[in-house]
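Chain and residue survey
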Amino acid sequence: MAPRHLMSPLDFTVEELDKLLDLGNDIEKHPEKYAHACEGKRLATLFYEPSTRTRLSFEAAMMNLGGKVLGFASQDSSSASKGESVSDTIRVVSCYADIVAMRHPKEGAPLVASMKSAVPVINAGDGGHQHPTQTLTDLLTIRSLKGHFDGLTVGFCGDLKFGRTVHSLIEALCRYSGIRFVLISPEELRVPSYVRDGLKAGGFPFQEVVALNEETMKDLDILYMTRAQRERFFNEEDYVRMKDFYILDREKMKIAPEGMLVLHPLPRVNEIAVEVDDDPRAVYFRQAQYGVYIRMALILTLLGISVDA
Ligand code: NCD
């Protein structure tokens with residue numbers, strides 16, 4: 001049977017996604033039940049681009065399931081530096097591991113790998129394109145803390161042009177009803193036109209604004225902050241001009257709604273002042289913890305392993 005991969009958050013139906021999120025919540029409540037579920041299984045993490053959370057949370061997830069991990073953390077420490085193609089690497093790694101998580105600076109590289117792979121491949125971020133496991137993390141965080149998706153007003157703030165987590169999460173949220181989007185970015189960092197066109201075509205209410213102020217925050221249930229994606233800017237000058245465009249600080253939180261949760265995929269640079277971390281609405285570190293539960297759920301699901309209740 002052909003392995004099942006995860007390239008985009010839309011690869012799962014809404015029902016499948018619900019089941020995955022339920023599994024994530026069950027893992028959170030009863031981690032001991034799952035401690036041996038992946039014994040004898042191996043996860044390979046092939047990271048051609050830097051990462052802290054995504055790679056380590058995948059590795060922690062597999063270890064929590066009793067499995068083993070292998071892999072590389074940068075292009076320089078793999079045969080890519082000798083010119084090996086992603087297709088050849090995956091054919092070989094398929095012989096060493098039962099499941100693969102791949103991050104690559106080129107859009108579509110994990111998809112190419114999945115076509116040649118004998119085992120499930122998970123896209124752990126491909127260039128400025130998609131980051132489906134961050135989206136699963138974000139969805140689990142939102143559903144666990146807000147209880148539902150329908151009818152939420154979600155603000156995205158920062159680098160909406162290069163921020164792949166933003167593109168993936170918008171696409172995923174569009175499948176729920178009554179969602180409204182407030183897209184807050186400098187003119188030069190607006191969402192790519194394919195994202196805007198998708199919102200228009202689906203008839204989703206959205207507005208694009210520049211300022212992060214009382215007016216733009218007043219209806220938000222979620223504020224999803226992002227950093228300027230330095231590595232994807234064409235020159236350092238533009239990055240320096242944009243990097244501190246938004247700073248969410250205690251003063252701004254005072255004028256934000258009481259129920260507005262602040263999410264961030266992390267790493268944070270300057271866009272959220274450290275003083276905000278103690279605000280009960282700041283949930284980005286909890287979000288990172290949810291990332292481990294949902295990756296555990298994903299590994300189990302793609303490997304077809306079920307654990308009896
Ligand atoms: C994000 C990414 O890699 O796109 N980080 C992550 O995986 N948690 C966001 C970012 O790097 O800004």
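Here the structure is a predicted model, which is why all the values come from computation and not from measurement.

Calculation criteria
Residues numbered from 1 in each chain as written. Predicted model: local features only at pLDDT ≥ 70, side-chain atom pairs only at ≥ 80, totals over all residues. Heavy atoms only, no water. Helix = DSSP H or I, 4+ residues; strand = E, 2+ residues; numbered from the N terminus. Rg over C-alpha atoms; globule rule 2.2 N^0.38 Å. Buried < 20%, exposed > 50% of the residue type's maximum accessible area, 1.4 Å probe, protein only. Contact = heavy atoms within 4.5 Å. Areas by Shrake-Rupley, 256 points an atom, 1.4 Å probe, with all protein chains shown as cover. Lys, Arg positive; Asp, Glu negative; His and termini not counted. Charge placed at Lys NZ, Arg CZ, Asp CG, Glu CD. Near = heavy atom within 4 Å. Polar contact = N/O pair within 3.5 Å; in protein donor to acceptor, adjacent residues only side chain to side chain. Nonpolar A, V, L, I, M, F, W, Y, C, P; charged D, E, K, R; others polar. Axes fitted to C-alpha atoms, helices over the stretch in contact; angles between N-to-C directions. Parallel < 35°, antiparallel > 145°, perpendicular 65-115°, else oblique. Left-handed = near helix turned anticlockwise from the far one by under 90°. Pairing = 2+ DSSP bridges. Salt bridge = Lys/Arg side-chain N within 4 Å of Asp/Glu carboxyl O. Domains from an automatic or database assignment. Buried area = accessible area lost by both parts, 1.4 Å probe. Arc of directions from axis to C-beta.

1. Let's talk about the overall build of the protein chain
The helix and strand inventory of the protein chain stands at eleven helices and nine strands. Taking 2.2 N^0.38 as the reference for a compact globule, 309 residues should give roughly 19 Å; the C-alpha atoms of the protein chain span a radius of gyration of 19 Å, in line with that estimate. Once the C-alpha set of the protein chain is aligned to its principal axes, its extents read approximately 55 × 50 × 40 Å. For the protein chain, the residues scored as buried account for 53% of the 309 residues in total. Contacts in the protein chain between residues far apart in sequence, at least 24 positions, make up 74% of those at least 6 positions apart. About 13,700 Å² of surface is accessible on the protein chain, with carbon and sulfur atoms providing 51% of the total. Side chains of the protein chain carry 36 positive and 43 negative charges; the gap between the two charge centres is 3 Å.

2. A word on the site of the ligand
Near the ligand the following residues occur: Arg53, Thr54, Arg103, His131, Gln134, Arg164, Thr165, Arg227, Gln229, Pro265, Leu266 and Pro267. Contacts to the ligand include Gln134, whose side-chain N or O atom sits 3.2 Å from a nitrogen atom. Side-chain polar atom of Arg227 to an oxygen atom of the ligand: 2.7 Å apart, as the coordinates give it. Considering the ligand on its own, with 310 Å² of exposed area, one finds that the protein chains cover 95% of that surface. Those elements that place two or more of their residues in the shell around the ligand are helix 2 (53-64) and helix 6 (164-173). Its residues assigned to classes, the shell around the ligand shows three nonpolar, five polar and four charged.

3. Description of the side chain of His264
Inspection of the secondary structure assignment puts His264 in the loop between strand 9 (261-263) and helix 11 (284-303). For His264, a relative accessible area of 2% puts it in the buried group. At 2.7 Å, the side chain of His264 and the side chain of Glu271 are in polar contact.

4. Side note on the packing of helix 3 (residues 86-93) against helix 4 (residues 109-116)
With their axes 8 Å apart at the nearest point, helix 3 and helix 4 run at an angle of 50° to one another. Here helix 3 is positioned oblique relative to helix 4, judged by the angle of their axes. Along this stretch, helix 3 crosses helix 4, giving a crossing that reads as right-handed. Note on element contacts: helix 4 touches helix 3 through Ala109, Val112, Ala113 and Lys116, opposite Val86, Ser87, Ile90 and Arg91. Classifying every residue of the contact of helix 3 with helix 4 gives five nonpolar, one polar and two charged.

5. Here's the deal with the pairing of strand 8 (residues 222-225)
Residues of strand 8 alternate between two faces, with Ile222 and Tyr224 on one and Leu223 and Met225 on the opposite face, all of them buried. Of the strand pairs in this sheet, strand 5 (residues 153-157) and strand 8 are connected by four bridges, and their pairing is parallel. Counted as the bridge partner of Val154 is Ile222 from strand 8. Note that strand 8 and strand 9 share three bridges and pair parallel. Of the residues in strand 9, the one forming a bridge with Leu223 is Val262.

6. A word on the pattern of salt bridges
By the definition in use, this model includes 20 salt bridges. Measuring nitrogen to oxygen at the nearest pair gives 2.8 Å for the salt bridge that ties Arg196 to Glu208. On the criterion of sequence distance, the pair formed by Arg196 in helix 7 (residues 193-201) and Glu208 in strand 7 (residues 206-209) is long-range, its members being twelve residues apart. Under the relative-accessibility criterion, Glu208 is labelled partly exposed at 28%.

7. A closer look at the domain arrangement of the protein chain
Entries for the protein chain in the domain assignment read domain 1 (9-130 + 291-303) and domain 2 (133-288). Put simply, the middle of domain 1 and the middle of domain 2, counted by C-alpha atoms, are 25 Å apart. The partner domain 2 presents 25 residues to the 31 residues of domain 1 that form the contact. Counting the surface lost from both domain 1 and domain 2, the interface buries some 2,300 Å², and carbon and sulfur atoms represent 53% of this. When the buried surface of domain 1 facing domain 2 is broken down by residue, Leu10, Leu21 and Arg53 rank first, second and third, together holding 24% of it. For the pair domain 1 and domain 2, the interface holds four salt bridges. Linking Arg143 and Asp18 is a salt bridge whose minimum nitrogen-to-oxygen distance equals 3.9 Å.

8. Focus: helix 3
Buried within helix 3 are the following residues: Val86, Ser87, Thr89, Ile90 and Val93. Each buried residue of helix 3 sits inside an arc of 160° when the element is viewed along its axis, so together they form one side. Where helix 3 is buried, its residues touch strand 1 (42-47), strand 3 (99-104), helix 4 and strand 4 (121-126).

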